[in-house]
Amino acid sequence: LKPRQDRNWQPDVAVTASCEVDGDRLRVRNLRQAVYQTPTDYTVRWLDRDYDLGRLRSVDFFLVDWGSPRIAHTMLSFVFEDQPPLCVSVETRKEVGEAYSAIRGFFRRFELIYVVADEIDLVRLRTEIRRGETVRLNRFRISPEMARALLLKNVERINALHREPEWYHALTSNCTTNLVVSAAAADRQAVPGFDLRILLNGEIDALMHERGAFEAGVPLSGLREGGVVNGRGAGETDPAAYARALRQGVPG
C-alpha cells in the first residue's frame, strides 16, 4: 500500500500546508481558517501569511483529553510578539465519509497531515464544538532561539509531507511522536532518552514537568488545573483576542 495525495479528502484536510523561509521571514501557505457550527458542518478557507521569526517569543503546548486515561492529542503553538500564535496539529488525513479508528491507525489506513492554523480554529473545535474533550495549555520555559529551532524543524516536516505523503501510525508516527522527534532534532538535550509516556501520551505533561519544561515551582496539579482553557474566549471572533483569552491565568 502506498500513501497518496490525490484522494477524495474531507474539506478541512483538502490541501497541505507548505512553508518558505527567507532570513527572518517565514511564509506559511495554506494556513487553515475553519469556522465550525458542528464537527461536520463548517466552512474552510486557506490563506497565506508571513511571520517575522525575529518576533517569535515562545512555544506553548496543548494536551487534549478526550476521555481515554492513557491516550490524548497534543498540539504546539508558536507565540509571536505581534501576530496570532501559529498552531500545529499532527493528525490523520481523512477522506470524505471516513472516521478515525484507533485500530485502523496501525494498518496504513490514514495518511499523515500537519494542520497549520490559528488557535481559534484548532483549539475552539476541541473546547466548544466537540463534546467531552478537555484542553489544557502549558507554557514552555524556552528561549526565543530554541523556539525558532523547534519551529524550523516542524517547517521541515510540513514541507516534506507537502512533497511526499506518509502513513500515519498510531504508535510510531502520531501527533506526539512527530513533535518529540522534532524537539529532539532541535535540541538533543530536550528529550533525553525514551519514556513510555511518549507513547501513552495521556501523561506526557507529567514527563515534561519532571524534566523542567514548564514553570518552575508550580506543582503538576496546579499546572493541570490552571491550564484548562475550555470556555475561555467564547464569542471571540478575532484570532489574536482569542489567543489572549486562552492564556489569562495560565501559569508561566
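All of these numbers come straight from a predicted model, not from anything done at the bench.

Asker: How do you make sense of the overall build of the chain when you look at a structure like this?
Answerer: Looking only at helices and strands, one finds six helices and eight strands in the chain. The N-to-C order of helical and strand elements in the chain reads β-β-β-β-β-β-β-α-β-α-α-α-α-α. For 252 residues, the compact-globule estimate of 2.2 N^0.38 gives 18 Å, and the chain sits close to it at 17 Å. Along the first, second and third principal axes, the C-alpha set of the chain runs to 50 × 35 × 35 Å.

Asker: Just checking my understanding: could you explain the packing of aromatic side chains for this structure?
Answerer: The geometry of an aromatic ring pair is captured by the separation of the ring centres together with the interplanar angle, meaning the angle of the planes. Tallied over the full model, the rule gives seven aromatic pairs. Judged by centre distance (5.0 Å) and plane angle (50°), the ring pair of Tyr36 and Tyr42 falls under tilted. Seen from their ring centres, Tyr51 and Phe80 are 4.8 Å apart, and the 35° between their planes marks the pair as tilted. Here Tyr51, found in strand 3 (residues 42-52), pairs with Phe80, found in strand 5 (residues 73-80); they are 29 residues apart in sequence, far enough to count as distant.

Asker: It is not clear to me how the packing of helix 2 (residues 144-163) against helix 3 (residues 175-186) should be interpreted in this structure. Could you clarify?
Answerer: The angle between the axes and the distance between the axes are what describe a pair of packed helices. Packing of helix 2 against helix 3 brings their axes to within 9 Å, and their N-to-C directions diverge by 125°. Classified by the interaxial angle, the pair formed by helix 2 and helix 3 is oblique. Between helix 2 and helix 3 lies a crossing whose hand is right-handed. Along the contact surface, helix 2 presents Met146, Ala149, Leu150, Lys153, Asn154 and Arg157, while helix 3 presents Asn178, Leu179, Ser182, Ala183, Ala185 and Ala186. Per-class residue counts for the contact of helix 2 with helix 3 are seven nonpolar, three polar and two charged.

Asker: Could you clarify how one ought to interpret helix 3 in this entry?
Answerer: An α-helix turns once per 3.6 residues; consequently, residues spaced three or four apart project the same way. With 12 residues, helix 3 should cover 16 Å at 1.5 Å per step; its first-to-last C-alpha distance of 17 Å lies within 8% of that length. In terms of burial, helix 3 is largely enclosed, as nine of its 12 residues are buried. Within helix 3 the residues assigned to the buried category are Cys175, Thr176, Thr177, Asn178, Leu179, Val180, Ser182, Ala183 and Ala184. Its buried side turned inward, helix 3 meets strand 5, strand 6 (86-93), strand 7 (111-117), helix 2 and helix 4 (204-210).

Asker: Hey, could you run me through the layout of surface pockets in this one?
Answerer: Over the atoms, a rolled probe matching the size of one water molecule traces out where space is still vacant. As a volume, the largest pocket reaches approximately 1,000 Å³. As for the largest pocket, its lining consists of 34 residues, and the residues nearest its centre are Thr92, Lys94, Tyr100, Arg126 and Arg130. In terms of residue count, the dominant contributor to the lining of the largest pocket is strand 6 (three residues). Along the lines of polarity and charge, the residues of the lining of the largest pocket split into 20 nonpolar, six polar and eight charged.

Asker: What is the right way to look at unusual backbone geometry in this model?
Answerer: Residues other than glycine predominantly adopt negative phi, and peptide bonds predominantly adopt the trans conformation. Look at Asn30: it is not a glycine, yet its phi comes out positive at around 65°. With respect to the helices, strands and loops of the structure, Asn30 is situated in strand 2 (residues 25-36).

Asker: Which parts of the structure should I look at to understand empty space enclosed by the protein?
Answerer: Across all of its chains, the model carries three cavities of 30 Å³ or more by this definition. Considering only enclosed or pocket space, the largest cavity measures out at about 40 Å³ in volume. Around the largest cavity sit Asp12, Val15, Thr16, Ala17, Asn30, Trp46, Ile113, Tyr114, Val115 and Val116, which together line it. Ranked by residues supplied to the lining of the largest cavity, first place goes to strand 7 with four residues. Classifying every residue of the lining of the largest cavity by side-chain character gives seven nonpolar, two polar and one charged.

Asker: Would you mind going over the environment of Pro11 with me for this structure?
Answerer: With respect to the helices and strands, the residue Pro11 is situated in the segment before strand 1 (18-22). Separated by 31 residues in sequence, Pro11 and Tyr42 place their C-alpha atoms 9.0 Å apart. Setting aside its immediate chain neighbours within four residues, Pro11 contacts Tyr42, Val44 and Trp46.

Asker: What am I meant to see in a nonpolar patch on the surface here?
Answerer: Among the surface-exposed residues, Trp66, Ile71, Phe194, Leu196 and Leu200 lie close enough to one another that they form a single nonpolar patch of about 490 Å² accessible area. The residue Leu200 is located in the loop between helix 3 and helix 4 in this model.

What counts, and where the lines are drawn
Residues numbered from 1 in each chain as written. Predicted model: local features only at pLDDT ≥ 70, side-chain atom pairs only at ≥ 80, totals over all residues. Heavy atoms only, no water. Helix = DSSP H or I, 4+ residues; strand = E, 2+ residues; numbered from the N terminus. Rg over C-alpha atoms; globule rule 2.2 N^0.38 Å. Phe/Tyr/Trp six-rings, centres within 6.5 Å; stacked < 30°, edge-to-face > 60°. Axes fitted to C-alpha atoms, helices over the stretch in contact; angles between N-to-C directions. Parallel < 35°, antiparallel > 145°, perpendicular 65-115°, else oblique. Left-handed = near helix turned anticlockwise from the far one by under 90°. Contact = heavy atoms within 4.5 Å. Nonpolar A, V, L, I, M, F, W, Y, C, P; charged D, E, K, R; others polar. Expected span 1.5 Å × (residues − 1). Buried < 20%, exposed > 50% of the residue type's maximum accessible area, 1.4 Å probe, protein only. 1 Å grid on protein atoms, 1.4 Å probe; cavity = no way out; pocket = protein on both sides within 12 Å on 5 of 7 lines; lining within 4 Å. Points joined across faces, edges and corners; volume = space filled by probe spheres on them. Patch = residues over 30% accessible without salt bridge, like charges linked within 9 Å, V, L, I, M, F, W, Y side chains within 5 Å. Areas by Shrake-Rupley, 256 points an atom, 1.4 Å probe, with all protein chains shown as cover. Salt bridge = Lys/Arg side-chain N within 4 Å of Asp/Glu carboxyl O.

Everything listed here is a matter of coordinates, which is why it stays silent on function.
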